[in-house]
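# Fold and geometry: a report
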Amino acid sequence: MTASAAKVARQHRTRHWLRRGLFVAYGFLGYAFFYLPIVILVIFSFNDSRSVSKWSGFTLRWYEAMLQDHQIMVALWNSVFVAVVSTLIATVLGTLAALALERYRRFPARLFADITLYLPIIIPDIAMAIMLLAFFKLSGIGFQTWKVSIAGLRLAVPYSVIIGHVAFNISFVAVVVRARLAQMDRTLDEAAQDLYATPWRTFWRVTLPLMMPGVLGGALLAFTLSLDDFVITFFTSGAGFNTLPVRVFGMIRKGVTPKINAVSSLMLGFSLLLVTLALLAARGNEDRKIQMF
Amino acid sequence: MSDASVPAVELRDVVKRFDDVVAVDHVSLQIAPGEFFALLGPSGSGKTTTLRMIGGFELPTEGEVLIEGEPQGYKPPYQRPVNTVFQNYALFPHMTVAQNIAFGLEMRGVPKDEIRRRVGEMLNLVRLSGYEKRRPHQLSGGEQQRVALARALINQPKVLLLDEPLGALDLKLRKAMQLELKAIQEQVGITFVYVTHDQEEAITMADRIAVMNHGRVLQVGPPPEVYEQPRTLFVADFIGETNFIPVEVLRVGSTVEVLTAGGARLQAGWAEPSLNAGAPAVAAVRPERMWLHRPNTAPEGGPWNRVEGIVRHVIYHGLDIRYEIHLAGECSLHVRLPVGRGDADVFQRGEHVIVVWPSEATRVFRRDS
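Conventions used here
Counting restarts for each chain, with residues numbered from 1 along the sequence as it is written. Both sets of labels track the order of writing: A upward for chains, 1 upward for ligands. Totals for whole chains, interfaces and linings use all residues, but because this is a predicted model, local features are given only for residues with pLDDT of at least 70 and pairs of side-chain atoms are given and counted only at 80 or more. As a rule here, side-chain values cover all heavy atoms of the structure and leave hydrogens and water aside. Secondary structure elements are defined from DSSP: runs of H or I of at least 4 residues count as helices, runs of E of at least 2 residues count as strands, and each element is numbered from the N terminus. In this treatment the radius of gyration is a C-alpha quantity, and the globule benchmark scales as 2.2 Å times the residue count to the 0.38 power. Burial classes: relative accessible area under 20% of the type maximum marks a residue as buried, over 50% as exposed, and values in between as partly exposed (1.4 Å probe, protein chains only). Contacts are assigned to residue pairs with any non-hydrogen atoms lying within 4.5 Å of each other. The term buried area means the drop in 1.4 Å probe accessible area that two parts suffer when joined, counted for both and summed. Salt bridge criterion: a side-chain nitrogen from Lys or Arg within 4 Å of a carboxyl oxygen from Asp or Glu. Under the convention adopted here, Pro, Cys and the residues Ala, Val, Leu, Ile, Met, Phe, Trp and Tyr are nonpolar, Asp, Glu, Lys and Arg are charged, and Gly plus all remaining residues are polar. Those domain boundaries reflect an automatic or database domain assignment. For two strands to pair, DSSP has to find at least two bridges joining them. Structural elements are reduced to axes, namely lines fitted to C-alpha atoms, with helices fitted over the stretch in contact, and the angle between N-to-C directions of any two is expressed from 0 to 180 degrees. We define a polar contact as two N or O atoms separated by no more than 3.5 Å, with the added condition that, inside protein, one atom must be a possible hydrogen donor and the other a possible acceptor, whereas residues neighbouring each other in sequence contribute only through side-chain atom pairs.

The next point concerns the overall build of chain A. Within chain A, the secondary structure is distributed over 11 helices and 2 strands. Counted from the first residue to the last, chain A has its helices and strands arranged as α-α-α-α-α-β-β-α-α-α-α-α-α. At 25 Å, chain A has a C-alpha radius of gyration far larger than the 19 Å of a compact globule built from 293 residues. In terms of overall dimensions, chain A has C-alpha extents of about 80 × 60 × 40 Å along its principal axes. Burial status across chain A gives 41% buried among its 293 residues.

This next bit is on unusual backbone geometry. Glycine aside, a negative phi is what most residues show, and trans is what most peptide bonds show. Of note, B:Glu68 is a non-glycine position whose phi angle comes to about 50°, a positive value. Note on placement: B:Glu68 falls in the loop between strand 4 (62–67) and strand 5 (70–71).

Let us look at the environment of B:Glu58. Residues and elements named next belong to chain B. The topology assignment puts Glu-58 in the loop between helix 1 (47–55) and strand 4. Owing to a relative accessible area of 18%, Glu-58 belongs among the buried residues under this scheme. Expressed as a C-alpha distance, the spacing of Glu-58 and Val-355, which sit 297 residues apart in the sequence, is 51 Å. Contact partners of Glu-58, with chain neighbours within four places excluded, come to Lys-16, Phe-18, Arg-52 and Met-53.

The next point concerns the interface of chain B and chain A. Listed per partner, the contact involves 26 residues of chain B and 22 residues of chain A. Summed over both partners, the interface of chain B with chain A comes to about 2,400 Å²; 60% of that surface belongs to carbon and sulfur atoms. Contact with chain A buries surface across chain B, with B:Tyr78, B:His94 and B:Met107 losing the most and accounting together for 29% of the total. Taken together, the connections running from chain B to chain A amount to 2 salt bridges. For the side of chain B that touches chain A, the secondary-structure elements that each account for two or more residues are strand 6 (82–85) and helix 2 (97–107) of chain B. For the side of chain B that touches chain A, the element with the highest residue contribution is helix 2 of chain B, accounting for 4 residues. Classifying every residue of the side of chain B that touches chain A by side-chain character gives 12 nonpolar, 7 polar and 7 charged.

Domain assignment breaks chain A into domain 1 (1–36) and domain 2 (71–292). Between the C-alpha centres of domain 1 of chain A and domain 2 of chain A there is a distance of 45 Å.

Residue and element names in this part refer to chain B. Sheet architecture is open: 6 strands sit in the order 6-7-8-3-9-10, paired in mixed fashion. Two strands lie at the open edges of the sheet, namely strand 6 and strand 10 (216–221), each paired on one side alone. Between one strand axis and the next, the sheet turns by 20° as a mean value, whatever way the strands run. The pairing of strand 3 (residues 36–40) with strand 8 (residues 191–196) spans 5 bridges and is classified as parallel. Its bridge partner being in strand 8, Phe-37 is matched across the sheet by Val-193.

A few words now on the domain arrangement of chain B. Residues and elements named next belong to chain B. In terms of domain boundaries, chain B breaks down into domain 1 (9–234) and domain 2 (241–366). The gap between the C-alpha centroids of domain 1 and domain 2 is 39 Å. Counting residues at the interface gives 8 residues for domain 1, matched by 9 residues for domain 2. Buried area between domain 1 and domain 2, summed over both chains or domains, comes out near 720 Å², and the portion from carbon and sulfur atoms is 55%. The tally of links between domain 1 and domain 2 comes to 0 salt bridges. Taken together, domain 1 and domain 2 are joined by 4 residue pairs in polar contact (both at pLDDT 80 or more). Of all the elements, helix 7 (residues 223–228) adds the most residues to the side of domain 1 that touches domain 2, at 3 residues. Per-class residue counts for the side of domain 1 that touches domain 2 are 4 nonpolar, 2 polar and 2 charged.

This is the structure we're talking about:
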């Protein structure tokens, strides 16, 4: 009897380790599938060879080449400019939309506003891009440009691209801010009003400071999405305007060079940084110790 | 402080409807300056809605709210001379204790020096000196409660509204805070309107109690009056412990007489005015007004009610012994007798006893009320 009990125990142990081993192996496979291409991309951006498949030593020359490429630098600053402007506008509008939907439960067409706000998240980029293109054509807004010079470069940014980015970013900001608002205690607003604060002062002293982690998180998300966007930018920019992703697409048609790897690695690093910041800002939700002022 | 003949708070025939639901149903109240007034009732009785209408967080559908004789109309909360202690305290998590307490004065543009001085005084009053720099999440429930109180009182409101302020505290702390709140109220002399569902809390603290149910005020009076002379079955049942005996009314008028299902005739001190002879009713008696006797020692005649019964349970409680007495006709009574009056007065389970109580301690109510 004890012998058979020991046997059963051994079987259980074997199964336990088998299950565990399979689980770990599966996890590694999953990560490899997602991240191996990225790792290879980053590694080969430091490859001292024109070939993308053969390693021949470490170099930073592709990054140097990138910095000296006028078109890439223009595209980089175009990206940053579009991202900054569209994020600012989308953050203000998205936050207001979130407040309206979360705090003022009763207004005409509330459900309609609620659904349409989420549409840009759901519909495919390509559909949205074509819609925007048609809109700019039909409305006569066209592809007029905003001329600015940054870092010694003269940029001409179409308003249509900025409007397009604002259009999809409002939704993402609104979603993030709403999530924050939903977990905020509404009696705090009542308490402020009970203590002689007008609705205006209540907003600046109580509501806004408490929803700030959500607003920051939403803004960072919007910034990242704007930087990475290709489809909507491509369709709404008219001819001759490049953001970084659009420029990379143009380069890749002439063949993959390690310079593209360098640009992509740069974008990747920047996006990762922003996403990390967004997560940290959202984490502020739980950590009440965060000091707003 | 102000004219004593003008009520600090007055509600005139106030109604509040949310869509089809009537939350507050024709409530009229007058609360005197300096009074500790409790709104007592079960959840959903409309007591919190009533409080929120005084504070301006809800507007009455009908009727009027007056503060110191002045109709409040559509005034928003920040224009009313009242402050509130919220149920969950609603302390601002992004501000320190001192910033929380200073908030009201700051909004009214009081000079910084004066704010600092008065915050210090308030922290002293609620015994939290030295806590200025802490944040709400670093405080215990009782400390948060005291910050909420200080934050409201520093504004020297005409009326302080308290919405179940002790509801989130454990029993022992709640008892201590009851005494502390009462002492602070007497010290500052501000009118308190206190919402609670805890009848013991209302009785201990309030000068007067309004008992609410289904949006209506059923009875208003000082605690002893509400406790000893309930005017509806609900009030008798909700406040304290009561024995209910199903009866039939024999006679109403200057003397009230009823008949129990077991065939005993009882005299009552009071009957609900709408009762007529022959109506089914309920006789109510507080357990502590009853005494037990052995059949041979029971008093004869006099202003006493007597029913026979059998001791079913004896429960020792320290201060008193509680007996459950089974009567004829499917009814039982709870009787509380103080401990320590000699062995002869301890009754045994199964013993045949006579329950005796003064007839004036009997109140007769309609069954449906």
